[in-house]
Amino acid sequence: MTSAELRRLYLDYFRKEGHTVLPSSSLVPDDPTLLFTSAGMVQFKDIFWGRVAPAHPRVTTCQKCFRTTDIERVGTTAYHHTFFEMLGNFSFGDYFKEGAIALAWRFLTGELGLPPERLWVSVYEEDNEAYAIWRDEIGIPAERIVRLGKDHNWWGPVGDRGPCGPDTEIFWDWGPEYGCGPDCPGPACDCDRFSEIWNLVFIQHDAQPDGTLRELGKKNIDTGLGLERMTAVLEGVHSNFDTDLFAPIVEAIAASARFPLADHQSRNLIADHIRAVVFLVADGVRPGSEAQGYVLRRILRRMVRAADALGMREGRLRLLVEPVVRSLGAVYPEIEERRSLAEQVITHEERTFRRTLRAGEARLREALARLSAGGRVPGRVVFELYDTYGFPPELTEEIAREQGFSVDHAGYDREMEAQRARSRRVIDVEAHLTATASLEAEAEVLRRTEFVGYGSLEVESDLTEISEPAGGEVAPVSTGEWRFIFRRTPFYAEAGGQVADTGWIENLSRPGRAEVVDVQKSPHGTLHTVRVTEGEFRERDRCRLVVDEARRRKIERAHTATHLLHAALRRVLGEHVIQAGSAVGPEEFRFDFTHFAALTPAELAQVEELAFAPVLHDLAVEVEELPLDEAKKRGAIAHFEEEYRGKDRVRVVEVPGVSMELCGGTHVRRTGEIGSIVILSEEAVGAGTRRLRVLVGEAARRHLFSLREERKQLAALLDVPEGEVLSGATKLLEEEKAIRRRVESLEGELATFRSRDAAAGAREVDGTKLASAVVEGGVEEAKRLADALAAQLGRSVVVIGARAEGKGIVVAKVVDEPRVSAGDLVRIACQGLGGKGGGRATFAQGGGPHGEALPQAVEKAIAHAEVRLKGA
């Protein structure tokens, strides 16, 4: 049985058993406490924690997952992965232990036909109920049921309270020949005989702060069956990397490797990591220096090092995207859509990292240069090379050994363990969510406010709730700032990069008026932050809600323009361009997108022209609600697809022949309403991400008018027609440069004349000439005179003072005279000027506000030099 057949069979089996099949959520969860989706239960955590009621009592999924807990073991074992697929079935207050165990057993032995005698199970040592179900109802002999402690068969709680419970695990027995001997203790052993294939978690307790466990009124089931491990069992291979899931990737690696593939560790690491890279990029992660971006960059760099071990040439890693897409693109179409982007990310990061590797080699050479013969490279240096430059410890040791040095392994291990401890603390946050409420409380049903603002900007509705900005319900309210919730609203809540509507609310039940200053979504309904300006409001009051139409229309122009701009960018730069974020305001927006180089002026001009073309054609903007699969089949682009997964229908906004995107924002009716589109700037905002700032409509017209007025003023200043401003400015600059060159020439000649006068007055002390002068001018004049004078005198000490706008400037230059420091001379002179200065022993400058004291200050510096020469 292939992996595709297993995936389909599992979901079909549980569908027949009354489960609703839901799609996989994104690898990046909508939760600030989690870096990645590391298990199938993540998308249901609010249900498990009792925060929301389940829409379905039974659910099944095939969830794409990413973990870094065992990243150091990836490639070294047959079954550890960063990216993997988790088949899961979930019960929310429906069936419990008996049902979960029976469903799993029937699937394994009935649907898959696995021999029962090859299956072992483990249970929590105190869970007699699960033990009895396995032994008495399923019929597994007691010798194949293992009781283990909390470190093996217990889940939760997170922190000191919250949901938790025992679990039971199902293992495949590969046979005694894979074990550690006749005394093998069973599934608890670390030998290769047993492979864990399914974990059933029984969430039945609510842990209290004092350590006691309270039985939950509603018990839940969370299970996870690893697709990769189960496929290995079904295909009869001991390593996941020998399954059909990895075969195309492994073949592609072999085709690119110049060294024999005896090094399966490097091969398997690449095969695992390339899948992770493709899926992370598809879900919006970009390489960076923190959070998800840091992790992506780390696995990319591990992949590059492994590629070097196999002799893969630079640029070959990007070719591995294709077999990943070929294997899994039909199941996860987002990786097909982001294929080009994944290839560009890999190419860019590989090129950048190879430069970093060269920097690491330079750092190692620097460290070795400090060691005495036969010395040891300190562990902290080995770790720095690994952590900062991605330099493998093995390579550090090899290079050191070639030059007669050893490596402090113990020191490196200490640094690495400290890093792992830090990582474990991060992973604890990544893997779990802090529980803040008991699950025994009834789940609060989400209250939703009906949004009617696509078609209406004014509506009457009942005021259902009033609260303070800090939270908490309040009595009738008058002047001040509050939060209102209504049953219906025309106000668009901030989402998808589009700012919230503003407007006002009129109380129809009693005198009262409020200004709407912000609108946000919440689990309790749409929150309208309002400023009451007249009268009062009470809950259940009938109100009229009115959106500021002029402002809304400006926002609509900008939002539709982002779609046109996105389409234009993809046409000019390529289909790897994906929207990475936006901030859409009234007739102005910023647009972030994936690309790896600054746009040329020609590209920017072409993008602007293509974005504006549909405006001239005044095309109708079509909006339709469709099932997600149908929308994508039609070619609709979903920037952040996880926002739409699981929804029955999605909103599709189309500009025919130009753009088709999933979008919940507000838009113009026809493209001609947008008006002008002007790109103000383009810049980088991170590795592989660029940003455009754009004006549209009236704001763009005002900007263009301002530019036209500036052009008129420039023409007047240059005394040329408007059409000749550029040539006139060019001519003026050329004339200015010619004048500047002439002035510099004359100033040089003047400095030469002045230096002759100053040289004539120089005196010699012990073979060194002392010369000084005070001139009118700035620091450049002083430097020029000092240079000319020193060139004439040879071995000398020169101090020049210059007056500029009442301030004094001092420059000192010392040639071939180690007994005198120019820095000391300037500091002495500047004391008399009320300022400060300094520099090198051969040249220094400074100044102060008391320009009238300049002659005395210069003379004091020269006197100091004379004393130094005579004293030495």
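Residues numbered from 1 in each chain as written. Predicted model: local features only at pLDDT ≥ 70, side-chain atom pairs only at ≥ 80, totals over all residues. Heavy atoms only, no water.

Draft legend 1. Layout of the overall build of the protein. Tallying secondary structure elements over the protein gives 23 helices and 32 strands in all. Against the compact-globule benchmark of 29 Å for 872 residues, the protein has a radius of gyration of 37 Å, which places it well outside the compact range. Seen along its three principal axes, the alpha-carbon backbone of the protein occupies a region of about 115 × 85 × 55 Å. Counting every position in the protein, which comprises 872 residues, the buried fraction comes to 50%. Put simply, of all contacts in the protein between residues at least 6 apart along the chain, 69% involve residues at least 24 apart. When the accessible surface of the protein is totalled, it reaches about 39,700 Å², and 49% of it is carbon and sulfur. (Helix = DSSP H or I, 4+ residues; strand = E, 2+ residues; numbered from the N terminus. Rg over C-alpha atoms; globule rule 2.2 N^0.38 Å. Buried < 20%, exposed > 50% of the residue type's maximum accessible area, 1.4 Å probe, protein only. Contact = heavy atoms within 4.5 Å. Areas by Shrake-Rupley, 256 points an atom, 1.4 Å probe, with all protein chains shown as cover.)

Draft legend 2. Just the environment of Asp127, in detail. Relative to the helices and strands, Asp127 is located in the loop between strand 4 (119-124) and helix 4 (128-138). Classification of Asp127 by relative accessible area gives buried; the value is 5%. Separated by 678 residues in sequence, Asp127 and Glu805 have C-alpha atoms that sit 90 Å apart. If near-sequence neighbours (up to four positions away) are discounted, Asp127 is found in contact with Lys97, Arg147, Pro166 and Phe202. A distance of 2.8 Å separates a polar atom in the side chain of Asp127 from a polar atom in the side chain of Lys97. (Polar contact = N/O pair within 3.5 Å; in protein donor to acceptor, adjacent residues only side chain to side chain.)

Draft legend 3. Quick peek at the pairing of strand 23 (residues 650-655). Of all the 6 residues making up strand 23, 5 are buried; the element is thus mostly covered by neighbouring parts of the structure. The pairing of strand 23 with strand 24 (residues 659-662) spans 4 bridges and is classified as antiparallel. Looking across to strand 24, one finds that Val655 is bridged to Ser659. (Pairing = 2+ DSSP bridges.)

Draft legend 4. Spotlight on the sheet that holds strand 26 (residues 689-696). Strands sit in the order 20-21-26-25 across an open sheet of 4 strands; the sheet is antiparallel. Since the sheet does not close on itself, it has two edges, and those belong to strand 20 (579-585) and strand 25 (677-686), each with one partner. Adjacent strand axes in the sheet meet at a mean angle of 15 degrees when their direction is disregarded. In terms of strand pairing, strand 20 meets strand 21 (residues 588-594) through 6 bridges, oriented antiparallel. Each bridged residue has a counterpart across the sheet, and for Gly585 the counterpart in strand 21 is Glu588. Relative to the sheet, helix 16 (residues 549-573) contacts strand 20, strand 21, strand 25 and strand 26, its axis offset from that of strand 21 by approximately 30 degrees. Of the strands in this sheet, strand 25 and strand 26 are in contact with helix 17 (residues 601-617), which crosses strand 25 at around 130 degrees. (Axes fitted to C-alpha atoms, helices over the stretch in contact; angles between N-to-C directions.)

Draft legend 5. Focus on unusual backbone geometry. Positive phi is not limited to glycine here, since Asp719 has a value of about 60 degrees. Counting through the fold element by element, Asp719 comes out in the loop between helix 19 (697-718) and helix 20 (725-760). Its identity is not glycine, yet Asp766 carries a phi of approximately 50 degrees, on the positive side. Tracing the chain through its elements places Asp766 in the loop between strand 27 (763-765) and strand 28 (768-776). Asp766 gets classed as exposed once you look at its relative accessible area, which sits at 52%.

Draft legend 6. The arrangement of empty space enclosed by the protein in detail. Evaluation of the coordinates by the stated rule reveals 2 cavities of 30 Å³ or more. By volume, the second largest cavity amounts to about 40 Å³. In terms of lining residues, the second largest cavity is bounded by Leu300, Arg301, Val304, Leu317, Ile346, Glu349, Glu350 and Phe353. If you list the elements that add at least two residues to the lining of the second largest cavity, you get helix 9 (291-309) and helix 12 (339-369). Here the element with the most residues in the lining of the second largest cavity is helix 12; it accounts for 4 residues. In terms of residue class, the lining of the second largest cavity is built from 5 nonpolar, no polar and 3 charged. (1 Å grid on protein atoms, 1.4 Å probe; cavity = no way out; pocket = protein on both sides within 12 Å on 5 of 7 lines; lining within 4 Å. Points joined across faces, edges and corners; volume = space filled by probe spheres on them. Nonpolar A, V, L, I, M, F, W, Y, C, P; charged D, E, K, R; others polar.)

Draft legend 7. Highlighting helix 19. With 22 residues, helix 19 extends 32 Å between its outermost C-alpha atoms, agreeing within 8% with the 32 Å of an ideal straight helix rising 1.5 Å per residue. Within helix 19, the full set of buried residues consists of Gly697, Ala699, Ala700 and Ala715. All buried residues of helix 19 lie within an arc of 165 degrees about the axis, which places them on one face of the element. In this structure, helix 19 carries Gln713, Ala716 and Leu717 as exposed residues pointing more than 90 degrees from its buried face. A positive backbone phi angle near 60 degrees is found at Asp719, which sits one or two residues after helix 19. (Expected span 1.5 Å × (residues − 1). Arc of directions from axis to C-beta.)

Draft legend 8. Molecular detail of the packing of aromatic side chains. Under the counting rule described, the total for this entry stands at 27 aromatic pairs. On the basis of an interplanar angle of 55 degrees and a centroid distance of 5.6 Å, the ring pair of Phe44 and Phe92 is categorised as tilted. Highlighted residues: Phe44 in the loop between strand 1 (20-21) and helix 2 (45-48) and Phe92 in strand 3 (residues 83-92), separated in sequence by 48 residues. The class of Phe44 is buried, set by a relative accessible area of 4%. Ring geometry for Phe107 versus Trp198: centroids 6.0 Å apart, planes at 85 degrees, classification edge-to-face. Of this pair, Phe107 sits in helix 3 (residues 97-111) while Trp198 sits in strand 8 (residues 194-207), and the two are 91 residues apart along the sequence. The pair formed by Phe107 and Trp198 is uniform in burial state, with each residue classed as buried. Members of the aromatic cluster, joined through ring pairs, are Tyr10, Tyr13, Phe14, Phe107 and Trp198. The positively charged end of Arg147 is found above the aromatic ring belonging to Tyr131, 4.2 Å away from the centroid. (Phe/Tyr/Trp six-rings, centres within 6.5 Å; stacked < 30°, edge-to-face > 60°. Lys NZ or Arg CZ within 6 Å of the ring centre and 35° of its normal.)

Draft legend 9. Helix 17, seen in detail. With 17 residues, helix 17 should cover 24 Å at 1.5 Å per step; its first-to-last C-alpha distance of 25 Å lies within 8% of that length. Buried residues in helix 17 make contact with helix 16 and strand 25. Count one or two residues on from helix 17 and you reach Asp618, which has phi positive near 50 degrees.

It is worth stressing that arrangement in space is one thing and function is another; only the former is reported here.
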